[in-house]
Structure formats: C-alpha cells, structure tokens
Amino acid sequence: MRLGSKVGVAAILVVVGGIGAGWFLLGEGLDRAEKWVSIVGMCVSMAMGAGGLVLGWLTWRQTRADGRAVPAVAARGVGAVSVGGGSDAEIRTDVSGMAALLSPPPGEGAGVDASGTGSVAVGGDNTAPISTRVTAPDAGRQP
C-alpha cells in the first residue's frame, strides 16, 4: 500500500471517528457530554505524554549507544578535502597549473586529516566515487 493511500485511509477513519463521537455526544445531553469530553481528553493527553517520553528516551538512548565520537576534521594544503562523517556524494579535487607545489604543514595525526596536495580523507563510510588529479609544470622547465 502506498503512503498516499495510507494517509487517505487514516484521514477517512479520523473523520468517521469524529462524526461518530459527535453523534454519541449529541445523544448524551450537555452535562454528560461535558464529562465524557473531559475524561477522553485526559486519557488522550496522558497517552500523548507517555508516547513523547518514550520517543525522547529512545532518541537519547540511540545517540548514547552509538558510541562514535565526531572526529576532528582538518584540511590543509592545496586542494585538500576532509569529511568528518559518511559521504554519499562525489568528491573530486583538481589541482593544476601551479608554478610550485608547496608542501602542506604537518598534520596533528588525530581525527580525519587531508594534508597532501590534492588528497582526500573521509572519516566514515563512502558510497560515491572519489577522484583527484594534480598537474603542474616540471620544476626544471622554464616558461
């Protein structure tokens, strides 16, 4: 069953339930209908509050149980790329036409570090292509 049809069925059931509750309350009289609405409202409020607490606890537990710390991310050097988590997009560096390639500063050695010219570091899962290309004129050649 598609999502649109599920939403349609749920909307129809809510409307039918509302009409049925209204029909029931019309037959009860004003005093009894007010009591019914108070009782049902309190039950719905308690159920929604308990559901919110359960969802909050599950979310808190999931973030604590994962146990993975966010790595430190550093990108140094010409065309360097660092991604601190998973990547599902294409990563591409293209360094060209430079007179001299400078060596990047030394890395700290912790976390995700891309410090070479045109280098790429990904600190998580990667599901897309990664390409890098570095071109430069020869050092001994004069223009």
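Everything numeric in this text was worked out from a predicted model, so none of it was measured.

Colleague: What is the right way to look at the overall build of the protein chain in this model?
Modeller: Looking only at helices and strands, the protein chain features 2 helices and 6 strands. The order of helices and strands in the protein chain, counted from the N terminus, is α-α-β-β-β-β-β-β. Burial analysis of the protein chain (143 residues in total) assigns 10% to the buried set. In the protein chain, the proportion of contacts linking residues at least 24 apart, taken out of those at least 6 apart, comes to 69%.

Colleague: Just checking my understanding: could you explain the pairing of strand β3 (residues 91-95) for this structure?
Modeller: One face of the sheet, then the other: side chains in a regular strand alternate in exactly this way. Here β3 shows one buried face, formed by I91, T93 and V95, and one open face, formed by R92 and D94. As defined by bridge partners, β3 adjoins strand β6 (residues 130-134) across 5 bridges and the pair is classed as parallel. Looking at the pairing, R92 lines up with S131 of β6.

Colleague: Explain the pattern of salt bridges here, please?
Modeller: Note that side chains of opposite charge can pair when their charged atoms are close. Within the structure shown, the criterion is met by 2 salt bridges. Between E28 and R32 there is a salt bridge, with the nearest N and O atoms lying 3.0 Å from each other.

Colleague: Sorry if this is basic, but what is going on with the environment of G79 here?
Modeller: Residue position: G79 is located in the loop between β1 (73-75) and β2 (81-83). A sequence separation of 40 residues divides G79 from S119, and the C-alpha atoms of the two residues are 7.0 Å apart. Excluding residues within four positions of it along the chain, G79 makes contact with T93, V95, G118 and S119.

Colleague: What is the right way to look at a nonpolar patch on the surface in this model?
Modeller: Taken together, the side chains of F24, W36, V40, V44 and M48 define a hydrophobic patch exposed on the protein surface, amounting to about 500 Å² of accessible area. Here the element with the most residues in the nonpolar patch is helix α2 (residues 30-66); it accounts for 4 residues. Within the secondary structure, V44 sits in helix α2.

What counts, and at which threshold
Residues numbered from 1 in each chain as written. Predicted model: local features only at pLDDT ≥ 70, side-chain atom pairs only at ≥ 80, totals over all residues. Heavy atoms only, no water. Helix = DSSP H or I, 4+ residues; strand = E, 2+ residues; numbered from the N terminus. Buried < 20%, exposed > 50% of the residue type's maximum accessible area, 1.4 Å probe, protein only. Contact = heavy atoms within 4.5 Å. Pairing = 2+ DSSP bridges. Salt bridge = Lys/Arg side-chain N within 4 Å of Asp/Glu carboxyl O. Patch = residues over 30% accessible without salt bridge, like charges linked within 9 Å, V, L, I, M, F, W, Y side chains within 5 Å. Areas by Shrake-Rupley, 256 points an atom, 1.4 Å probe, with all protein chains shown as cover.

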